[in-house]
Amino acid sequence: MASTNKLSGIVNKINRLPDFARSRALTLFFGKVVPFTGTTGIRIESLDQARCVISLANKRRVQNHIGGVHAVASLVLAESATGFLVGLNVPDDKVPVIKTAKAEYTRRAKGDMTVEAHLTEEQRERMRSEEKGDVSVPVTIRDSEGKEPIEIEMVWAWTPKRG
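Here is a short report on the structure shown in this document. (Residues numbered from 1 in each chain as written. Predicted model: local features only at pLDDT ≥ 70, side-chain atom pairs only at ≥ 80, totals over all residues. Heavy atoms only, no water.)

## Points about the environment of Ile42
Alright, step 1. Inspection of the secondary structure puts Ile42 in the loop between helix 3 (35-40) and strand 1 (43-47).
Alright, step 2. Residues Ile42 and Val72, spaced 30 residues apart in sequence, show a C-alpha to C-alpha distance of 13 Å.
Alright, step 3. Once you skip the residues sitting within four places of it in the chain, Ile42 turns out to touch Thr27, Thr37, Ile54, Ser55, Leu56, Leu77, Ser80 and Phe84. (Helix = DSSP H or I, 4+ residues; strand = E, 2+ residues; numbered from the N terminus. Contact = heavy atoms within 4.5 Å.)

Set out below in structure tokens:
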């Protein structure tokens, strides 16, 4: 039973834009679909059904008291990247919801942050075919030095939409 996913269709169309326009168009689109993301300053670098890369510049409005990207802003990056992926793969008759968000801050982050999340084909197939379920979405956060200051676990669930 393969249901449609309107979000995925729109992202596929945006991904046909020229390289210079694609990231901005994805960022603007998701800022409208998920209003909170439009306020966070995140930038969607790339997005398809299997992989999402998002960045956040280390600007004053997202900084903590020591000049780095605030811990919660980093968590928003991970939640956004994994949520966008799940949203692209769950059929329109299902609703995706975050089930678990765990973060272990292992070192001080330096500079801008980039997050990359991905789904396997098996995970994507489960979302398309199972009535309800959950999946741990692999996600990595790197700072401007290419180091991973945070270990993240994001588990997303999907259930049938109600009436």
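## Some thoughts on the side chain of Thr37
Alright, step 1. Considering the arrangement of structural elements, one finds Thr37 in helix 3.
Alright, step 2. Among the polar contacts made by the side chain of Thr37, one reaches the main-chain carbonyl oxygen of Val34 at a distance of 2.7 Å.
Alright, step 3. Apart from residues no more than four positions distant in its own chain, Thr37 is found in contact with Phe30, Gly31, Ile42, Ser80 and Phe84. (Polar contact = N/O pair within 3.5 Å; in protein donor to acceptor, adjacent residues only side chain to side chain.)

## Quick word on the packing of aromatic side chains
Alright, step 1. Per the counting criterion, the structure on display carries 2 aromatic pairs.
Alright, step 2. Taking 4.1 Å as the distance between ring centres and 35 degrees as the angle between the ring planes, the aromatic pair formed by Phe30 and Phe84 counts as tilted. Taken together, the residues span a long stretch of sequence, with Phe30 in helix 2 (residues 19-33) and Phe84 in helix 4 (residues 71-89) at a distance of 54 residues.
Alright, step 3. Relative accessible area serves as the criterion here: at 5%, Phe84 is assigned to the buried category. (Phe/Tyr/Trp six-rings, centres within 6.5 Å; stacked < 30°, edge-to-face > 60°. Buried < 20%, exposed > 50% of the residue type's maximum accessible area, 1.4 Å probe, protein only.)

## Digging into the sheet that holds strand 4 (residues 113-118)
Alright, step 1. Reading across the sheet, the 4 strands line up as 1-2-4-6 and stay open at both edges, with antiparallel pairing between neighbours. Each edge of the open sheet carries a strand with a single partner, namely strand 1 and strand 6 (139-142). Within this sheet the neighbouring strands show an average axis-to-axis angle of 15 degrees, counted without direction.
Alright, step 2. As paired elements, strand 1 and strand 2 (residues 51-56) share 4 bridges and run antiparallel to each other. Looking at strand 2, one finds that Ile44 is bridged to Ile54. (Pairing = 2+ DSSP bridges. Axes fitted to C-alpha atoms, helices over the stretch in contact; angles between N-to-C directions.)

So, to be careful, I would describe these as geometric facts and stop short of saying anything about function.
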